[in-house]
Amino acid sequence: MKTRLFIFCLLFLFAASDLSAQCAMCRATLENNVSDGQIGIAAGLNIGILYLFAAPYLVIGTIAFLWFKKSKAITEGDA
């Protein structure tokens, strides 16, 4: 099991090398708006990025918490 987890993490790190790519049109639009003093679009985009970043961790954390509680309830029932 630990070997599979290690291989998965290793593959994930190698696959993450292209994550710094950006959409050229989005970047140009944001740079133009910020240079004109309009930071509303950039702030909205940053909030959207944070939402997309946090959502999977919240889902996985919730599932892990529920799994832990159920596992703990099962082991306490056996004792």
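Given the structure is predicted, the values throughout are model-derived calculations rather than measurements.

Caption draft 1: Inspection of the overall build of the protein chain at higher detail. Counting its secondary structure elements, the protein chain contains three helices and zero strands. From first element to last, N terminus to C terminus, the protein chain shows the α and β order α-α-α. Within the protein chain, the fraction of its 79 residues that count as buried is 4%.

Caption draft 2: Seen up close, the side chain of Asn33. With respect to the secondary-structure elements, Asn33 resides in helix α2 (residues 24–35). When sequence neighbours within four positions are dropped, the list of residues in contact with Asn33 reads Gln38 and Ile41.

Caption draft 3: Inspection of a nonpolar patch on the surface at higher detail. Taken together, the side chains of Phe6, Ile7, Leu10, Leu11 and Phe14 make up a nonpolar region of the molecular surface, amounting to roughly 550 Å² of accessible area. With respect to the secondary-structure elements, Ile7 resides in helix α1 (residues 2–15).

Caption draft 4: The arrangement of the confidence of the model for the protein chain in detail. Residue-level pLDDT values for the protein chain average 80, and 87% of them are 70 or greater. The spread of mean pLDDT over the elements of the protein chain runs between α1, the lowest at 78, and helix α3 (residues 40–78), the highest at 87.

Parameters at a glance
- Residues numbered from 1 in each chain as written.
- Predicted model: local features only at pLDDT ≥ 70, side-chain atom pairs only at ≥ 80, totals over all residues.
- Heavy atoms only, no water.
- Helix = DSSP H or I, 4+ residues; strand = E, 2+ residues; numbered from the N terminus.
- Buried < 20%, exposed > 50% of the residue type's maximum accessible area, 1.4 Å probe, protein only.
- Contact = heavy atoms within 4.5 Å.
- Patch = residues over 30% accessible without salt bridge, like charges linked within 9 Å, V, L, I, M, F, W, Y side chains within 5 Å.
- Areas by Shrake-Rupley, 256 points an atom, 1.4 Å probe, with all protein chains shown as cover.
- Salt bridge = Lys/Arg side-chain N within 4 Å of Asp/Glu carboxyl O.
- pLDDT = per-residue confidence, 0-100.

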